Amino acid sequence: MAYIDNVTITRLGGFEGSDPELVGAYPAVIGDKAELINKALPEGAVPGTFRSDKIAGMHILSYTFKVKAERESLRDDLASISIIVSDKKVHIDQMEALFKEIARSLDESGDLYQMRPTMFVQMMERIYNGVNKSEKIKIDDVVIDIPQIIKMNKLNIFKKDLKEFQGAF
Amino acid sequence: MSLFSIFKRKTDAKAVFIGLDSAGKSTIIDFLREGRFINHTPTMGKRKLEIDIEGTRISMFDMGGQQSFRDLWFGEMKTAKCVVFVIDKAAPHRFPEAKAEFQKVLPAIQKEGLKLLILANKHDVPGAASMREIIQGFNLLDVENFEILEVSAKTGYGMATAFSKFYSLLTGKHIQKLNFAGAVSVYTNGGVPIITEMDQNRFERVALEGGFLAAITQFSQMKLPGEIATQFILFESKQNGTFIVARSAHFIGSLLWYKELGVTVDQSKIALGDLLGHLESSCATADENTVSFHVEHYVTNIM
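In this text the structure is predicted, and so the values were computed from the model without any measurement.

Sheet strands line up and pair through hydrogen bonds in the backbone, either parallel or antiparallel. Residues and elements named next belong to chain A. Spatially, five strands are ordered β2-β1-β5-β4-β3 in an open sheet, and the strand pairing comes out antiparallel. The open sheet has two edge strands, β2 (21-26) and β3 (50-55), and neither has a second partner. Here the average twist between neighbouring strands, direction ignored, is 25°. Two strands pair when backbone bridges link them, and β3 and strand β4 (residues 58-67) are joined in this way by six bridges, in the antiparallel orientation. Across the sheet, residue Arg51 finds its bridge partner in β4, namely Ser62. Across the sheet, helix α2 (residues 92-109) lies against β3, β4 and β5 (77-85), angled at about 15° from β4, the strand it touches most.

Let us look at the interface of chain B and chain A. Contacts between chain B and chain A engage 18 residues on the former and 20 residues on the latter. Around 1,500 Å² of area is buried between chain B and chain A when both sides are counted, 53% of it from carbon and sulfur atoms. Put simply, chain B and chain A have one salt bridge between them. In this structure, the connection of chain B to chain A is made through seven residue pairs in polar contact (both at pLDDT 80 or more).

Take the nonpolar core next. Phe17(B), Ile28(B), Phe166(B) and Val186(B) are the most contacted members of the largest nonpolar core, which totals 67 residues. Here this core spans two domains, since at least three of its residues come from each of domain 1 (9-171) and domain 2 (183-301) of chain B. Sequence-distant contacts of Val186(B), defined by excluding residues within four places in its chain, comprise Val192(B), Pro193(B), Ile194(B), Ile195(B), Phe251(B), Ile252(B), Gly253(B), Leu275(B), Leu279(B), Val291(B) and Val295(B). In this structure, Ile4(A), Phe65(A), Phe120(A) and Ile149(A) belong to the second largest nonpolar core, which totals 38 residues.

On to the confidence of the model for chain B. Considering every residue of chain B, the mean pLDDT works out to 88; 91% of them sit at 70 or more. Confidence, read as mean pLDDT per element, is least for helix α6 (residues 205-221) of chain B in chain B (70) and greatest for strand β4 (residues 82-88) of chain B (98).

Counting across every chain of the model gives 22 salt bridges over all chains. In this structure, Glu34(B) engages Arg33(B) in a salt bridge whose closest nitrogen and oxygen atoms are separated by 3.9 Å. A residue is classified by how much of its surface remains accessible, and Glu34(B), at 39% relative accessible area, is partly exposed. Judged by relative accessible area, Arg33(B) falls into the partly exposed class, the value being 33%. For the salt bridge of Asp88(B) with Lys122(B), the shortest nitrogen-to-oxygen distance reads 3.2 Å. Of this pair, Asp88(B) sits in strand β4 while Lys122(B) is found in the loop between β5 (115-121) and α4 (131-137), placing the two residues 34 residues apart along the sequence. Accessibility expressed as a relative area gives 14% for Asp88(B), which makes it buried. Here the salt bridges do not stand alone but share partners, grouping Glu16(A), Asp21(B), Arg70(B), Arg94(B), Glu97(B), Glu101(B) and Lys104(B) into one network.

All names here are of chain A. In terms of burial, strand β1 (residues 6-12) is a largely internal element, seven of the seven residues being buried. Of the two faces of β1, the one lined by Asn6, Thr8, Thr10 and Leu12 and the one lined by Val7, Ile9 and Arg11 are each fully buried. Of the pairings in the sheet, the one linking β1 to β5 comprises seven bridges and is antiparallel in character. Counterpart to Leu12 in the pairing with β5 is Leu78.

On to the packing of helix α2 (residues 70-77) of chain B against helix α3 (residues 95-112) of chain B. All names here are of chain B. Taken N-terminus to C-terminus, the directions of α2 and α3 make an angle of 25°; their axes are 11 Å apart at the nearest point. The angle between α2 and α3 places the two elements in the roughly parallel class. As for how α2 packs across α3, the hand of that crossing is right-handed. In this structure, α2 uses Arg70, Trp73, Phe74 and Met77 to contact α3, whose residues at the interface are Glu97, Glu101, Lys104, Val105, Ala108 and Ile109. Along the lines of polarity and charge, the residues of the contact of α2 with α3 split into six nonpolar, no polar and four charged.

Taken as a whole, this structure holds 11 aromatic pairs over all chains when the rule is applied. Pairing Phe102(B) with Phe138(B) gives two aromatic rings, centres 6.4 Å apart and planes at 80°, and the pair type is edge-to-face. Here Phe138(B) lies in the loop between α4 and β6 (147-150) and Phe102(B) lies in helix α3, a separation of 36 residues in the sequence. Of the two residues examined, Phe102(B) and Phe138(B), each falls in the buried class. The interplanar angle of 55° and the centroid separation of 6.1 Å between the aromatic rings of Phe163(B) and Phe166(B) together place this pair among those described as tilted. In this pair, Phe163(B) and Phe166(B) are both assigned in helix α5 (residues 159-171), three residues apart and thus about one turn of the helix distant. Of the two residues, Phe163(B) and Phe166(B), neither departs from the other in class, the shared state being buried. Through pairs of rings, three or more aromatic residues link up here, namely Phe50(A), Tyr63(A), Phe65(A) and Phe99(A). Directly above the ring of Phe50(A) sits Lys100(A), whose terminal nitrogen or CZ lies 5.3 Å from the centroid. The lysine or arginine in question, Lys14(B), covers the ring of Phe61(B), its NZ or CZ lying 4.3 Å from the ring centre.

It is a general feature of regular strands that their side chains alternate between the two faces of the sheet. Counted residue by residue, β4(A) has eight buried out of 10 residues, so it is predominantly covered. Between β3(A) and the antiparallel strand that follows it, β4(A), lie two residues; Ala56(A) among them carries a positive phi value of about 45°.

Following Tyr26(A), the chain continues into Pro27(A) via a peptide bond in cis, with omega recorded as 0°. The topology assignment puts Pro27(A) in the loop between β2 and α1 (33-40). Of note in the backbone geometry, Ser134(A) takes a positive phi value of approximately 50° without being a glycine. Looking at the secondary structure, you find Ser134(A) in the loop between α3 (117-132) and β6 (137-139). With a phi angle near 55°, Asn145(B) is a residue other than glycine that sits in the positive phi range. Mapped onto the secondary structure, Asn145(B) falls in the loop between α4 and β6.

Attention shifts here to the domain arrangement of chain B. All names here are of chain B. Examined at the domain level, chain B breaks down into domain 1 (9-171) and domain 2 (183-301). Computed from C-alpha coordinates alone, the two centres of domain 1 and domain 2 are separated by 31 Å. Facing the 14 residues of domain 1 at the interface are 12 residues of domain 2. Here domain 1 packs against domain 2, burying approximately 1,000 Å² in sum over the two surfaces, 54% of which is carbon and sulfur. Among the residues of domain 1 in contact with domain 2, Arg36, Phe37 and Thr155 are the three that bury the most area, contributing 44% of the side total. The interface formed by domain 1 and domain 2 holds one salt bridge in total. Residues Arg36 and Asp274 are paired through a salt bridge, measuring 3.9 Å at the closest nitrogen-oxygen approach. At the boundary of domain 1 with domain 2, the tally comes to 10 residue pairs in polar contact (both at pLDDT 80 or more). Among the residues making up the side of domain 1 that touches domain 2, the classes are represented as five nonpolar, six polar and three charged.

Rules used throughout
Residues numbered from 1 in each chain as written. Chains lettered and ligands numbered in written order. Predicted model: local features only at pLDDT ≥ 70, side-chain atom pairs only at ≥ 80, totals over all residues. Heavy atoms only, no water. Pairing = 2+ DSSP bridges. Helix = DSSP H or I, 4+ residues; strand = E, 2+ residues; numbered from the N terminus. Axes fitted to C-alpha atoms, helices over the stretch in contact; angles between N-to-C directions. Contact = heavy atoms within 4.5 Å. Buried area = accessible area lost by both parts, 1.4 Å probe. Salt bridge = Lys/Arg side-chain N within 4 Å of Asp/Glu carboxyl O. Polar contact = N/O pair within 3.5 Å; in protein donor to acceptor, adjacent residues only side chain to side chain. Core = buried A, V, L, I, M, F, W, Y, C linked by side-chain atoms within 4.5 Å. Buried < 20%, exposed > 50% of the residue type's maximum accessible area, 1.4 Å probe, protein only. Domains from an automatic or database assignment. pLDDT = per-residue confidence, 0-100. Parallel < 35°, antiparallel > 145°, perpendicular 65-115°, else oblique. Left-handed = near helix turned anticlockwise from the far one by under 90°. Nonpolar A, V, L, I, M, F, W, Y, C, P; charged D, E, K, R; others polar. Phe/Tyr/Trp six-rings, centres within 6.5 Å; stacked < 30°, edge-to-face > 60°. Lys NZ or Arg CZ within 6 Å of the ring centre and 35° of its normal.

The following block contains the structure:
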């Protein structure tokens, strides 16, 4: 059972003539690209901030960060990494807490800042699998121990199914 | 009469900063607010920043310059008093695109009677277009009622003058550019002189540099608690006035204050602190020529 449907990265490049763009999505783009960009990288978004919104009835949790410019004379890019959750059984506030831990760990390690296009897919795939399978995410030297985060923060990502309680009292 | 109207209210004045992406709008606004260069990521859509000056609350709308955001400019201009159009003078290859956008907004500016200030940014870049090339490139001779200034939000060149002009256009009030120093010197944090800028009508370089060096020597011999970002010490000089010496992570700065400047010692201390803060954020690890260049540009704001 998957907690999250999709991981996406959007970007507004620091280079001349850039425009907001969807850099990639894993496993596939969900919904309208323009709407996704608007929600993932909303007006006034600044590095280091989280945002929670809805897109076509699904939750989109986004974290905005800086990506180092490819040439020294250019300014850094503005980017955001988002997870999309459609499962109504997911406690979205608990998922938000988990996502914040993941994003902060990656940002503090410098991995998000140093991110290059070749790393985008790898990063999205590992976050997707790590969260959905509730296992450690390893990206370069950074290890994000999902089970430990869930345990330490006493997170209950899934709402209990009422059927589970039948006859159990 | 409502109850609230008996309280003194601040006057609001709104300015909109527009121009192509990468022109330096956000960097200019942050320099005006913070007094130093801050490296930016692109602006997503728009952001609003406010400053309070002499009873006026100035709202500065920093509009994203990317193609997708340019339609937003017109909405914000409807309620503005002043438009600041920023040009990247180091990117003449983009002048046709910038000119096309300028010509789109010009009718709205003129129709609404908005004040127009054009800032030709990136004056620090070698080979940047001249004022003549900008005026010709943008057909500015055909435009009525505008002001244009060369600035660099990276080195600080011309920023105080730009702010003074901006404030005057926005509020109709004049703001005096203050002199905070008779002379300014910058040294490496080991005390090696990098540059001295001075009011040459008032001081003799040799005598002044002697004073600076004496102050720096005393300062570098003092034991200071911890690695404080900026530390100030004052030295009285019978001949010249008071040397304010400050130390930051990579530099030592010295500023000569005297009574006739018309500002307080504390104001000059802030000016010196801002200079060092600017150098730390823009050229902390650069070579001495680059630091000198930044100091020469920055002191246009404080002397």
